[in-house]
Amino acid sequence: MRIGLRETVFSVNCFAAAMLALFVSFSLGLERPFWAMATVYITSQPLSGAVRSKAVFRLAGTAVGGIVTVLLVPALVNAPVLLSLALASWVALCQFVSLLDRTPRSYLFMLAGYTAALIGFPSVTHPEAIFDTAVLRVQEIGIGVLCAAFIHAVIWPRSVSQVFGGRVAGVLAEAEAWIADVLAAAPVASTGRERRKLAGDITDLHVTATHIPFDTARIRPTRALLTGMQDRLVLLIPLVSAVEDRWRSLIAAGPLPAPLADAVATVRDWVTTPALPAAPVIATLRIARDAVAADGWRDLLALNLLARLEELVLALAETRTLVAAVADPAGRPPPAVGAVAARPLHRDYGLALLSATATLLTVLGCCLFWIVTGWPEGAVAAMIAAVVCCFFATLDDPVPAQRGFLLWTIASLPLAALYLFAILPAIDGFAMLTLAMAPPLLVMGAVMANPSWYGRMVPMMLGFAGGLALTNSFTVDAASFFNANVAQIIGIAAAMVMTRLIRSIGAGTAIRRLRRAGWRDLAALAEHPADPAVAQIAAWRSRMLDRVGLLASRIGEVEDEERDAAAATLRELRMGLSIAQIAPVADHAALRAALARHFRMLASGDDVAPPAELLDRIDGAIAAGRTIADPEERRGQLVNLVGLRRNVFPAAPDWHEAQAAA
């Protein structure tokens with residue numbers, strides 16, 4: 001854990017914003033000023049643009065949640081079971097939509113859900129005051145959000161664009177190092193690890209980029225520029241994987257033809273020397289390509305390798321241009337990247353439904369316990385259960401994170417008790433309160449600035465602020481403190497139990513679900529031929545790029561046998577490009593049908609090997625492709641069919657024309 005100048009400034013900013021929010025709330029006579037203080041720490045992020053981003057969506061989500069509560073509570077307060085069902089269903093619905101959205105808007109939906117629980121459940125004993133209560137909660141949260149956004153934007157703001165520019169340059173350097181290792185004459189053992197690290201870093205870039213539109217910098221990269229750069233970075237992963245497969249296969253088969261070896265060496269030199277132009281490299285690759293006779297399987301592999309290398313050089317050259325523009329948006333005009341169309345992402349409706357179901361049952365279970373026992377603090381258990389279920393719903397297995405939330409919440413209780421029963425009763429005035437609160441809040445804020453400790457300090461901070469429950473009329477009630485915190489623990493524990501029973505999956509299961517979704521898409525591509533330029537292909541490509549990041553970021557979390565399945569997905573995603581390019585050819589109708597049947601069987605859960613009939617059809621298509629008169633068309637068809645064969649049947653014997661004819 002490192003605490004330096006940046007972490008210290010972040011902590012001071014958080015503390016200043018929290019005290020400002022507390023002072024404003026006290027001055028306005030609000031009911032629960034501690035909500036404003038806690039909101040500051042929930043909203044605060046090390047990057048000022050990220051604070052503003054969360055502030056906008058938090059305000060909107062809180063307002064929507066307050067409106068829903070005002071509509072539901074008065075109408076159903078006399079029917080506790082119906083009211084519990086209505087609020088729990090609203091939280092579950094918002095969580096379901098949030099998990100499907102997978103954009104910055106998802107924070108709005110999540111807030112709209114659990115804000116209704118935070119406001120609604122404690123208000124059931126005073127339904128006549130629900131409107132005032134909702135307005136007060138929105139005001140308190142709004143004050144915290146605005147104070148956090150203001151302080152972090154004014155006092156030494158840290159620009160998202162600046163940090164993003166440096167980070168993306170580092171990711172490009174990682175990609176270039178990986179490509180250089182892949183193209184080395186001798187295998188490099190670290191290429192698998194480099195691929196996984198690159199995929200994880202690209203995923204992190206995508207998350208950071210969502211905050212750039214809210215950044216404090218005067219000149220920021222455009223959305224089109226960011227989208228184009230991320231697309232090209234992600235496309236490098238399956239593309240380099242294909243190059244590595246062909247290159248290693250050719251090396252294992254024996255000595256390489258001089259033109260091919262020279263072409264690969266030229267590409268490697270260009271990758272390691274970014275200042276060199278790309279045009280001479282492309283020319284070298286095309287000269288080597290024209291020298292390939294395409295008489296046997298090794299020649300066909302070489303032809304496929306050279307075509308993929310040309311795609312790689314073009315993609316990397318575009319990536320370098322876009323990264324330079326992102327890193328220095330004020331220093332150079334942005335390159336033309338075309339219009340930004342809608343980018344459909346992978347959506348797992350089944351997993352989102354499971355998450356929503358777990359949340360619904362958890363909240364209902366807490367409400368049932370509350371109703372049956374008549375425990376006054378049962379509302380706290382229900383609302384905390386809703387919050388904890390929503391917080392970690394995006395994880396494959398939320399239980400470890402929920403367990404950590406529980407442990408750090410418990411860890412905050414002795415500190416809260418010390419302040420509540422020993423320190424705060426001796427304080428008089430806001431200045432003394434500020435001095436007394438400084439030591440723990442400054443320390444926790446500095447630790448929270450470290451990403452690896454953020455998830456621990458948030459429950460610690462929330463437990464501390466909630467335990468103090470600062471109001472204008474300070475009272476010390478040991479029974480209330482004990483009951484409220486026991487209710488918190490029960491709510492978190494209920495979320496853990498129900499999540500474990502219904503929702504938890506491992507990284508291996510997540511990978512299999514992603515693969516099945518990819519198989520369904522591949523089957524659809526094969527069944528419904530379309531021109532590669534149409535929207536269907538663009539939509540598939542967007543989902544494919546998204547799944548590459550989702551899959552590769554999980555490879556490091558699975559056992560060795562599952563890691564092979566995750567790596568195989570990169571081959572499957574490359575298949576789609578070949579299928580899309582052979583689809584419009586009428587002669588390949590039988591091949592497309594066989595591919596579709598195979599992928600449908602895989603998607604339905606039948607773990608079957610590709611049938612021999614499919615290999616025969618691919619081999620026959622290769623043999624037919626060699627007879628095409630037009631050189632460019634012949635070359636394009638052979639490249640795609642060879643890639644398809646290598647990806648579908650990586651362990652199959654080499655292709656022979658006589659075998660294909662038989």
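See above for the structure.
Attention here is on the structure that accompanies the text. Keep in mind that this is a model prediction, so the values were computed, not measured.

1. Considering the side chain of Ser-98
- Tracing the chain through its elements places Ser-98 in helix α4 (residues 80-101).
- Classification of Ser-98 by relative accessible area gives buried; the value is 11%.
- A polar contact of 3.0 Å, which involves the side chain of Ser-98, links it to the backbone oxygen of Ser-106.
- Excluding residues that lie within four positions of it along the chain, Ser-98 makes contacts with Ser-106, Phe-109 and Met-110.

2. Some remarks on the pattern of salt bridges
- On inspection of all chains with the given rule, the structure shows 17 salt bridges.
- The residue Arg-137 makes a salt bridge to Glu-140 at a minimum N-O spacing of 2.8 Å. In this pair, Arg-137 and Glu-140 are both assigned in helix α6 (residues 130-154), three residues apart and thus about one turn of the helix distant.
- Overall, Glu-140 belongs to the buried group, its relative accessible area being 0%.
- Asp-290 is the partner of Arg-635 in a salt bridge, and the nearest nitrogen-oxygen pair spans 3.5 Å. Placement of Arg-635 in helix α24 (residues 631-648) and of Asp-290 in helix α11 (residues 279-290) is noted, with a sequence separation of 345 residues between them.

3. Regarding the environment of Cys-367
- For Cys-367, the position within the fold is in helix α13 (residues 349-373).
- Expressed as a C-alpha distance, the spacing of Cys-367 and Met-383, which sit 16 residues apart in the sequence, is 9.4 Å.
- If we skip the residues at most four places from it in the chain, Cys-367 touches Ser-84, Phe-121 and Ala-382.

4. Notes on the packing of aromatic side chains
- Inspection of the entire model under this criterion finds 12 aromatic pairs.
- Geometrically, the ring pair formed by Tyr-114 and Phe-391 is edge-to-face, given 5.8 Å between the ring centres and 80° between the ring planes. With Tyr-114 in helix α5 (residues 106-120) and Phe-391 in helix α14 (residues 378-391), this residue pair connects regions lying 277 residues apart in the sequence.
- Judged by relative accessible area, which is 2%, Tyr-114 ranks as buried.
- Taken together, the ring pairs connect Tyr-114, Phe-391, Phe-392 and Phe-405 into an aromatic cluster.
- Lying over the aromatic face of Trp-453, Arg-456 brings its terminal NZ or CZ to 4.4 Å of the ring centre.

5. A word on the nonpolar core
- Formed by 90 residues in total, the largest nonpolar core has its most connected members in Phe-121, Met-437, Leu-441 and Leu-470.
- The leading source of residues in this core is α14, at 12 residues.
- Each residue touching Met-437, except ones within four places of it in the same chain, is listed here: Phe-15, Met-19, Met-37, Tyr-419, Phe-464, Leu-468 and Leu-470.
- Trp-247, Trp-297, Ala-603 and Leu-638 belong to the second-largest nonpolar core, a separate cluster that totals 89 residues.

6. Let's talk about the packing of helix α19 (residues 507-527) against helix α22 (residues 589-603)
- Running from amino to carboxyl end, α19 crosses α22 at an angle of 160°, the nearest separation of the two axes being 8 Å. Overall, the two elements α19 and α22 adopt an arrangement that is roughly antiparallel. In terms of crossing hand, the pair formed by α19 and α22 is left-handed. Residues Arg-516, Trp-519, Arg-520, Leu-522, Ala-523, Ala-524, Ala-526 and Glu-527 of α19 lie in contact with α22, whose contacting residues are Arg-592, Leu-595, Ala-596, Phe-599, Arg-600, Leu-602 and Ala-603.
- Residue classes in the contact of α19 with α22 are distributed as 10 nonpolar, no polar and five charged.

7. Here's the deal with the environment of Ala-446
- When you line up the elements, Ala-446 lands in helix α16 (residues 430-448).
- Of the residues examined, Ala-446 reaches a relative accessible area of 8% and is grouped as buried.
- A C-alpha to C-alpha distance of 9.6 Å links Ala-446 and Leu-5, two positions 441 residues apart in sequence.
- Those residues within four positions of Ala-446 in sequence are excluded, and the remaining contacts are Ile-3, Glu-7 and Ser-11.

8. Section: the packing of α13 against helix α18 (residues 478-503)
- Put simply, α13 and α18 touch, their axes get as near as 9 Å, and they point 140° apart. Taken together, the axis directions place α13 and α18 in an arrangement best described as oblique. When the axes of α13 and α18 are compared, the crossing they make is right-handed. Side by side, α13 and α18 meet where Leu-351, Leu-354, Ser-355, Ala-358, Leu-361, Thr-362 and Cys-366 of the first sit next to Gly-491, Ala-494, Ala-495, Met-498, Ile-502 and Arg-503 of the second.
- The residue inventory of the contact of α13 with α18, partitioned by class, reads nine nonpolar, three polar and one charged.

9. Quick word on the side chain of Gln-95
- When you line up the elements, Gln-95 lands in helix α4.
- Those residues in contact with Gln-95, other than ones at most four positions away along the chain, are Ser-355, Ala-356, Thr-359, Cys-389, Cys-390 and Ala-393.

10. Considering a nonpolar patch on the surface
- A cluster of nonpolar side chains, namely Leu-5, Leu-20, Phe-150, Val-154, Ile-155 and Trp-156, defines an oily patch on the protein surface of about 570 Å² accessible area.
- Secondary-structure elements contributing two or more residues to the nonpolar patch are α1 (5-28) and α6.
- Note that Leu-20 resides in helix α1.

11. Here's the deal with unusual backbone geometry
- Although it is not a glycine, Ala-469 adopts a positive phi angle of roughly 50°.
- Mapping Ala-469 onto the fold places it in the loop between α17 (451-468) and α18.

The rules behind the values
Residues numbered from 1 in each chain as written. Predicted model: local features only at pLDDT ≥ 70, side-chain atom pairs only at ≥ 80, totals over all residues. Heavy atoms only, no water. Helix = DSSP H or I, 4+ residues; strand = E, 2+ residues; numbered from the N terminus. Buried < 20%, exposed > 50% of the residue type's maximum accessible area, 1.4 Å probe, protein only. Polar contact = N/O pair within 3.5 Å; in protein donor to acceptor, adjacent residues only side chain to side chain. Contact = heavy atoms within 4.5 Å. Salt bridge = Lys/Arg side-chain N within 4 Å of Asp/Glu carboxyl O. Phe/Tyr/Trp six-rings, centres within 6.5 Å; stacked < 30°, edge-to-face > 60°. Lys NZ or Arg CZ within 6 Å of the ring centre and 35° of its normal. Core = buried A, V, L, I, M, F, W, Y, C linked by side-chain atoms within 4.5 Å. Axes fitted to C-alpha atoms, helices over the stretch in contact; angles between N-to-C directions. Parallel < 35°, antiparallel > 145°, perpendicular 65-115°, else oblique. Left-handed = near helix turned anticlockwise from the far one by under 90°. Nonpolar A, V, L, I, M, F, W, Y, C, P; charged D, E, K, R; others polar. Patch = residues over 30% accessible without salt bridge, like charges linked within 9 Å, V, L, I, M, F, W, Y side chains within 5 Å. Areas by Shrake-Rupley, 256 points an atom, 1.4 Å probe, with all protein chains shown as cover.

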